[in-house]
Structure formats: structure tokens, C-alpha cells
Amino acid sequence: MPDLSDEDAKLVTLARAARARTRAAEGAAVRDSDGRTYAACTVQLDTVLLSALQLAVAMAVSSGVKGIEAAAVVTDAGPEAVDVEVVRYFGGAALPVVVADGNGEVRDVVNT
């Protein structure tokens with residue numbers, strides 16, 4: 001698997017922590033264009049279902065960021081199950097989304 005920069009490794013750590021706090025299916029973290037990070041976990045209620053990545057991007061947007069430069073998702077599902085459309089829509093094409101397992105082992109880096 002690819003070596004991660006310190007900043008991308010930090011995203012994986014934040015995503016793992018978000019997932020562990022609530023024992024959610026997924027944890028995610030994004031880094032905005034100013035270097036700030038936002039972490040979230042999957043939200044699954046009777047009437048609301050948000051992936052961890054959708055919620056992390058929503059948190060960044062609600063904080064007024066102008067762009068996203070990278071993201072990470074921690075999940076037991078395979079990389080093909082991670083929907084990066086929200087990152088592509090807000091951040092643009094060719095942004096890296098690191099997909100890791102619950103131990104933080106990188107499975108893949110998917111580009112938007």
C-alpha cells in the first residue's frame with residue numbers, strides 16, 4: 001500500500017477515533033484548503049442516513065471552508081463501497097481519499 005504523508009496519516013487517525021467513539025460502521029475525516037480537519041462517523045437514524053464522509057464534508061462546509069484537499073475513510077467494507085461523490089462535488093477532481101480498515105491499515109487511495 002502507498003506511504004502516506006504525515007497529514008494524510010493524521011486523517012486516518014482522526015477517522016479511526018471518530019468511528020471508535022460511537023462504534024459506527026464508518027469514520028471519516030477531511031482536511032480543508034486551510035489545513036483544518038473535520039472528523040465524523042456514520043449517522044443512521046430511522047429517518048436520516050449519512051455516511052461518515054458526507055457528514056465530515058457537511059461539517060467543513062458549515063464551517064465556511066472554500067475547499068477540501070484530502071479525505072480518509074475507515075471502514076470494514078472494501079474501497080469499492082466508499083462513495084467519494086460528496087468530496088468530488090465539493091472539492092473537485094483528483095483529490096485523494098484514503099480508505100483504511102479499522103486497524104488503520106491503508107487498503108487503497110481513491111481519487112475523486
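In what follows, the accompanying structure is described.

What counts and how
- Residues numbered from 1 in each chain as written.
- Predicted model: local features only at pLDDT ≥ 70, side-chain atom pairs only at ≥ 80, totals over all residues.
- Heavy atoms only, no water.
- Helix = DSSP H or I, 4+ residues; strand = E, 2+ residues; numbered from the N terminus.
- Rg over C-alpha atoms; globule rule 2.2 N^0.38 Å.
- Buried < 20%, exposed > 50% of the residue type's maximum accessible area, 1.4 Å probe, protein only.
- Polar contact = N/O pair within 3.5 Å; in protein donor to acceptor, adjacent residues only side chain to side chain.
- Contact = heavy atoms within 4.5 Å.
- Pairing = 2+ DSSP bridges.
- Right-handed = clockwise from strand over helix to strand, strands pointing away.
- Salt bridge = Lys/Arg side-chain N within 4 Å of Asp/Glu carboxyl O.
- Axes fitted to C-alpha atoms, helices over the stretch in contact; angles between N-to-C directions.

## With respect to the overall build of the protein
Counting its secondary structure elements, the protein contains three helices and seven strands. Helices and strands appear in the protein in the N-to-C order α-β-β-β-β-α-β-α-β-β. Taking 13 Å as the expected radius of gyration for a compact globule of 112 residues, we find that the protein reaches 12 Å, a close match to that expectation. In terms of overall dimensions, the protein has a C-alpha envelope of 35 × 30 × 20 Å along the principal axes. Counting only residues that meet the buried cut, the protein has 39% of its 112 residues in that class.

## Points about the side chain of threonine 75
Here threonine 75 is to be found in strand β5 (residues 68-75). A polar contact of 3.1 Å, which involves the side chain of threonine 75, links it to the backbone nitrogen of alanine 77. Those residues in contact with threonine 75, other than ones at most four positions away along the chain, are Ala25, Glu26, Val82, Val99, Ala100, Asp101, Gly102 and Arg107.

## Regarding the pairing of β5
Burial analysis of β5 places seven of its eight residues in the buried class, the great majority of the element. Both strand β1 (residues 26-32) and β5 contribute to a ladder of seven bridges, which runs antiparallel. Bridge assignment links arginine 31 to a residue of β5, and that residue is alanine 70. In this fold, the crossover linking β5 to strand β6 (residues 96-100) by way of helix α3 (residues 85-91) has right-handed handedness.

## Here's the deal with the pairing of β1
Among the seven residues in β1, seven count as buried, and that is most of the element. Side chains Glu26, Ala28, Val30 and Asp32 project from β1 onto one buried face, and the interleaved Gly27, Ala29 and Arg31 project onto a second face that is buried too. Note: β1 against strand β2 (residues 37-41), five bridges, orientation antiparallel. Looking across to β2, one finds that valine 30 is bridged to tyrosine 38. Where β1 hands over to β2, the hairpin turn is made up of four residues, of which glycine 35 adopts a positive phi near 90 degrees.

## Quick word on the pattern of salt bridges
Applying the stated criterion to the full structure yields six salt bridges. A salt bridge links arginine 31 to aspartate 8; the nearest nitrogen and oxygen atoms lie 3.0 Å apart. Residue arginine 31 is located in strand β1, and its partner aspartate 8 is located in helix α1 (residues 6-22); the two are separated by 23 residues in the primary sequence. Put simply, arginine 31 and glutamate 69 hold a salt bridge, and the shortest N to O gap is 2.6 Å. Taken as a pair, arginine 31 in strand β1 and glutamate 69 in strand β5 lie far apart in primary sequence, 38 residues in all. Residue class for glutamate 69 comes out partly exposed when judged on its relative accessible area of 34%. Counted as one network, the salt bridges with shared partners bring together Asp8, Arg31 and Glu69.

## A few points about the sheet that holds β6
Overall, mixed pairing links the five strands, which are arranged β2-β1-β5-β6-β7 in an open sheet. Where the open sheet ends on each side, the last strands, each with one partner, are β2 and β7 (106-111). Averaged over all neighbouring strand pairs, the angle between strand axes comes to 15 degrees, with direction disregarded. Sitting on the sheet, α1 is in contact with β1, β2, β5 and β6, with an inclination near 140 degrees to β1.

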